[in-house]
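# Understanding the architecture of this molecule
If you want the building blocks of each chain, they are given just below.
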Amino acid sequence: MSNFFTTSIGKKLVMSLCGLFLAVFLLVHLSINSLLIICDNHTFNVAANFMAKNKLIKVVEIVLFLGLFLHIIYGIWLQIQNWMSRPVGYVKTNHSQTSFFSKYMIHTAIVIFIFLVLHFMDFFLKAKFFKDQMPPEIGGLEDMATAVILKFKMLPYVIIYIVCIFILGFHLFHSFQSAFQTLGLDHKIYTPIIKTAGVIYALIIIIGYSLIPLVVYFTFPNPA
Amino acid sequence: MKLTLKIWRQENAKAKGKFETYQLDGVSPEMSFLEMLDYHNEKLILEGTNPVAFDNDCREGICGMCGLYINGRPHGPDEDNTTCQLHMRKFNDGDTIVIEPWRSKAFPVIKDLIVDRTALDKLIIAGGYISADTGSAPEANSIPIPKHKADLSFNANECVGCGACVAVCKNASAMLFVAAKVSHLALLPQGKIEASERVLKMVKEMDKLGFGNCSNTGACEAECPKSVSISNIARLNREYICAGLTHEN
Ligand code: FES
């Protein structure tokens, strides 16, 4: 039991459990973001401030960072072992009929990581520690809406954001069903359903997250 | 048929090795791939050159000795076949065929196209067996086994240990091989008794031997000459989780 999580399968279990947790987080994050275009700035601010200040959410936030940290560390650990397992490669390789996105998990992961760091510095850190760089508060609420709209009014930012979201989507195309396979959940009837659910989930993330900056860029007035 | 062969030549395990290009005329489409290599070797011997070393034994697709990486695919372009069951009619006149040995840290090259697959034997030694008194075969109906379990076990047991799964996996992972052995035995009452010990020992050994980690790409299943399913890998994961959480040692 002592090395349950350090064997090849054990490490992958950590990856899949953390990954599924992060997948849930992505949906929660998306649902809050979408308030900006579905409702109004105020509703978005109320939700964003709730997420930032609620005690229970703060605990979940620690778990989230821990999950993300483990997902990254274990991912790198597994990848290095995988690279080392074939010191001499093939001269000719032929792509067999395998899931396309599964071959580029580490590459998509690197882009997602860079994006996360930038994203984190842009919103999370500023709202927490550099309040002077944030728009003024409205009625005691941090004005996250204006901070977001200011960013999404910059075309280069919108383009980079959407490209990163697509890459995140590619990562998810494979990882959702892969996580279930790693957890040993394989079934004649349920596995095809899980695979379809994984594709739908990835599409929701791609379309949902891409739509928000597009709607803001094209339809929102410039903040005063 | 006239072919251009690009073959990996390596004197011994320590030598550097390189590709040699050969022109081969007079190949019949009726030849098996190994017969084509025999024919090529006869020519090399007559020319006074070293023949190309390659592994083979049964030449009927059951021993798993003959693995070659042909034009970027283990066992070549045919589906569900070992190299010895591949025929030259699958190629065209004038083709260039690139032939490489299995590439994996766990399968070092011994000579030319022959690799050392002892790692797979070590995996079996680690736990891929049942402890039972030997003797004459027991009465078949004394232990009832549900048909669907017997079928699943049979599919897993079709694995001939050729190593194509390791060869094709981008991580050189042996998960399909281990999954096949673990599943084959765990599905049957005789193998259930040692199931948890077996899976823990085999996974430990697999890591020790330097195979990579499975990333569920499914390449192994696609290239397995015996179509062993990756649902066996899911079963291996299940067996591992249950064993890890419940095993007493
Ligand atoms: S030589 Fe036995 S399987 Fe090909």
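Since this is a predicted model, take the numbers as computed values, not measurements.

## A short note on the overall build of chain A
- Helix and strand counts for chain A stand at 7 helices and 0 strands.
- Its helices and strands in sequence order give chain A the pattern α-α-α-α-α-α-α, from N to C terminus.
- Expressed as lengths along the three principal axes of its C-alpha atoms, the size of chain A is roughly 60 × 40 × 40 Å.
- Out of the 224 residues in chain A, the part that is buried amounts to 45%.
- When the accessible surface of chain A is split by element, carbon and sulfur atoms take 77% of a total near 12,400 Å².
- Both charge centroids of chain A, one from 15 positive and one from 8 negative side chains, sit 16 Å from each other.

## Some words on the sheet that holds strand β3 (residues 69-70) of chain B
All names here are of chain B.
- Read across the open sheet, the 5 strands follow the order β2-β1-β5-β3-β4; overall the sheet is mixed. Sheet topology places β2 (18-24) and β4 (73-74) at the edges, where each strand pairs with a single neighbour.
- Bridge analysis of β3 against β4 gives 2 bridges, and the strand direction is antiparallel. Opposite Y69, over in β4, you have P74 as the bridge partner.
- Of the strands in this sheet, β1 (3-9), β2, β3 and β5 (96-100) touch helix α1 (residues 33-46), which is tilted by about 90° from β2.

## Quick notes on the pattern of salt bridges
Residues and elements named next belong to chain B.
- For the structure shown, the criterion picks out 11 salt bridges over all chains.
- D38 is the partner of R59 in a salt bridge, and the nearest nitrogen-oxygen pair spans 2.8 Å. Taken together, the residues R59 in the loop between α1 and β3 and D38 in helix α1 connect sequence positions 21 residues apart.
- For R59, a relative accessible area of 28% gives the class partly exposed.
- Between R73 and E79 there is a salt bridge; the shortest N-O distance is 3.3 Å.
- A residue is classified by how much of its surface remains accessible, and R73, at 13% relative accessible area, is buried.
- Of the residues examined, E79 reaches a relative accessible area of 39% and is grouped as partly exposed.
- Via salt bridges that share partners, R73, E79 and E223 belong to a single interconnected network.

## A look at a nonpolar patch on the surface
- Judged by side-chain polarity, I110(A), F113(A), I114(A), V117(A), L118(A) and M121(A) come together as a nonpolar surface patch covering roughly 540 Å² of accessible area.
- Residue placement: M121(A) occurs in helix α4 (residues 105-129).

## Considerations on the interface of chain A and chain B
- If you look at the interface, chain A gives 36 residues, while chain B gives 48 residues.
- Across the chain A/chain B interface, buried area totals approximately 3,400 Å², and carbon plus sulfur atoms make up 53% of it.
- Counting every contact that joins chain A to chain B gives 0 salt bridges.
- At the boundary of chain A with chain B, the tally comes to 25 residue pairs in polar contact (both at pLDDT 80 or more).

## As for the pairing of β5(B)
Residues and elements named next belong to chain B.
- Along β5, 4 of the 5 residues are buried, which leaves the element largely enclosed by surrounding structure.
- With 4 bridges joining them, β1 and β5 adopt parallel strand pairing. In the strand pairing of β5, T4 is matched with T96.
- With 2 bridges connecting them, β3 and β5 associate as antiparallel partners. The partner of Y69 across the bridge, within β5, is E100.

## Quick look at the packing of aromatic side chains
- All told, the structure shown has 20 aromatic pairs over all chains when counted by the stated rule.
- On the basis of an interplanar angle of 75° and a centroid distance of 5.3 Å, the ring pair of W8(B) and F19(B) is categorised as edge-to-face. Of the two residues, W8(B) is situated in strand β1 and F19(B) in strand β2; the sequence distance between them amounts to 11 residues.
- Relative to W102(B), the ring of Y69(B) has its centre 6.3 Å away and its plane inclined at 85°; by these criteria the two rings are edge-to-face. With Y69(B) in strand β3 and W102(B) in the loop between β5 and β6 (109-111), this pair connects stretches of sequence that are 33 residues apart.
- One Lys or Arg, K11(A), reaches over the ring of W77(A) and ends 4.4 Å from the middle of that ring.
- Looking at K153(A), its charged tip hangs above the ring of Y217(A), at a distance of 6.0 Å from the centre.

## Some words on the layout of surface pockets
- In this model, the second largest pocket occupies a volume close to 650 Å³.
- Only α6 (155-182) and α7 (190-219) of chain A together with α3 (147-157) and α9 (231-246) of chain B provide two or more residues apiece to the lining of the second largest pocket.
- By residue class, the composition of the lining of the second largest pocket is 7 nonpolar, 13 polar and 6 charged.

## Describing the nonpolar core
- In terms of nonpolar packing, the biggest core is built from 49 residues, with F107(B), L123(B), F211(B) and L236(B) touching the most fellow members.
- Built from parts of two domains, this core gets at least three residues from each of domain 1 (3-110) and domain 2 (118-246) of chain B.
- When neighbours within four sequence positions are excluded, F211(B) is seen to be in contact with S85(A), A106(B), F107(B), A119(B), L120(B), L123(B), V166(B), A172(B), S173(B), A174(B) and M206(B).

## Focus: unusual backbone geometry
Residues and elements named next belong to chain B.
- Of note in the backbone geometry, R59 takes a positive phi value of approximately 55° without being a glycine.
- Not every positive phi belongs to a glycine, and A172 is a case in point at roughly 50°.
- Within the secondary structure layout, A172 lies in the loop between α4 (164-168) and α5 (175-186).
- Judged by relative accessible area, which is 0%, A172 ranks as buried.

## Focus: the packing of α5(B) against α9(B)
Residue and element names in this part refer to chain B.
- At a minimum axis distance of 8 Å, the contact between α5 and α9 shows a crossing angle of 70°. Of the possible angle classes, the one that applies to α5 and α9 is roughly perpendicular. Residue-level inspection shows M175, L176, V178, A179, A180, V182, S183 and A186 of α5 in contact with α9, the latter providing N232, I233, R235, L236, N237 and E239.
- Of the residues belonging to the contact of α5 with α9, the class tally is 9 nonpolar, 3 polar and 2 charged.

Each value, and the rule that gives it
Residues numbered from 1 in each chain as written. Chains lettered and ligands numbered in written order. Predicted model: local features only at pLDDT ≥ 70, side-chain atom pairs only at ≥ 80, totals over all residues. Heavy atoms only, no water. Helix = DSSP H or I, 4+ residues; strand = E, 2+ residues; numbered from the N terminus. Buried < 20%, exposed > 50% of the residue type's maximum accessible area, 1.4 Å probe, protein only. Areas by Shrake-Rupley, 256 points an atom, 1.4 Å probe, with all protein chains shown as cover. Lys, Arg positive; Asp, Glu negative; His and termini not counted. Charge placed at Lys NZ, Arg CZ, Asp CG, Glu CD. Pairing = 2+ DSSP bridges. Contact = heavy atoms within 4.5 Å. Axes fitted to C-alpha atoms, helices over the stretch in contact; angles between N-to-C directions. Salt bridge = Lys/Arg side-chain N within 4 Å of Asp/Glu carboxyl O. Patch = residues over 30% accessible without salt bridge, like charges linked within 9 Å, V, L, I, M, F, W, Y side chains within 5 Å. Buried area = accessible area lost by both parts, 1.4 Å probe. Polar contact = N/O pair within 3.5 Å; in protein donor to acceptor, adjacent residues only side chain to side chain. Phe/Tyr/Trp six-rings, centres within 6.5 Å; stacked < 30°, edge-to-face > 60°. Lys NZ or Arg CZ within 6 Å of the ring centre and 35° of its normal. 1 Å grid on protein atoms, 1.4 Å probe; cavity = no way out; pocket = protein on both sides within 12 Å on 5 of 7 lines; lining within 4 Å. Points joined across faces, edges and corners; volume = space filled by probe spheres on them. Nonpolar A, V, L, I, M, F, W, Y, C, P; charged D, E, K, R; others polar. Core = buried A, V, L, I, M, F, W, Y, C linked by side-chain atoms within 4.5 Å. Domains from an automatic or database assignment. Parallel < 35°, antiparallel > 145°, perpendicular 65-115°, else oblique.

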